[in-house]
Amino acid sequence: MTVVERREVALVDLLDRLLAGGVVITGDLTLRIADVDLVRIDLNALISSVNEQVPSPFEDLL
């Protein structure tokens, strides 16, 4: 085992790193029966932290 494989990262540290840089999540889900699409779900999400340099998009709504 290498050092990287043995390294443990706490969930809080992982979330902190992801939110500091931002994360984009995309995905598609299709429920199909007998080659007929019944339900289709498309997911596009941007998750990032908000601070003085990156203001909240909902700031004007309050």
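The structure under discussion appears in the preceding block.
Just so we're clear, the structure is a prediction, and the values are computed from it rather than from any experiment.

Within the chain, the secondary structure is distributed over two helices and two strands. Put simply, the chain has 62 residues, and 0% of those count as buried. Contacts in the chain between residues far apart in sequence, at least 24 positions, make up 21% of those at least 6 positions apart. When the accessible area of the chain is evaluated, it comes to approximately 6,100 Å², of which 59% is carbon and sulfur surface.

A word on the pairing of strand E2 (residues 36–47). It is a general feature of regular strands that their side chains alternate between the two faces of the sheet. Pairing geometry for strand E1 (residues 23–33) and E2, over eleven bridges, is antiparallel. Pairing of Leu 29 across the sheet is with Ile 41, part of E2.

On to unusual backbone geometry. One non-glycine residue, Ala 34, lies in the positive phi region at around 55 degrees. Among the structural elements, Ala 34 can be located in the loop between E1 and E2. Among the residues examined, Ala 34 registers a relative accessible area of 70% and is labelled exposed.

Below, the discussion takes up the pattern of salt bridges. Within the structure shown, the criterion is met by two salt bridges. The salt bridge involving Arg 32 is made with Asp 37; its shortest N-O contact spans 2.8 Å. A salt bridge links Arg 40 to Asp 42; the shortest N-O distance between them is 3.4 Å. Overall, the relative accessible area of 59% leaves Arg 40 in the exposed class.

Reading guide: rules and limits
Numbers given to residues run from 1 along each chain, matching the order in which its sequence is written. Local features in a predicted model are, by the rule used here, given only for residues with pLDDT of at least 70; side-chain atom pairs are given and counted only at 80 or more, and totals for whole chains, interfaces and linings are based on all residues. Hydrogens and waters are ignored; side-chain quantities use all the structure's heavy atoms. Strands here are runs of E lasting at least two residues and helices are runs of H or I lasting at least four, both read from the DSSP assignment and numbered beginning at the N terminus. Buried means the residue's accessible area, taken with a 1.4 Å probe over protein chains only, is under 20% of the maximum for its type, while exposed means over 50%, and partly exposed covers the values in between. For this analysis, residues touch if any pair of their heavy atoms sits within 4.5 Å. Here the accessible surface of atoms and residues is derived via Shrake-Rupley with a 1.4 Å probe, and residues count as covered only by protein chains that are part of the display. Pairing between strands requires that DSSP locate at least two bridges from one strand to the other. Whenever a carboxyl oxygen of Asp or Glu lies within 4 Å of a side-chain nitrogen of Lys or Arg, that contact is scored as a salt bridge.

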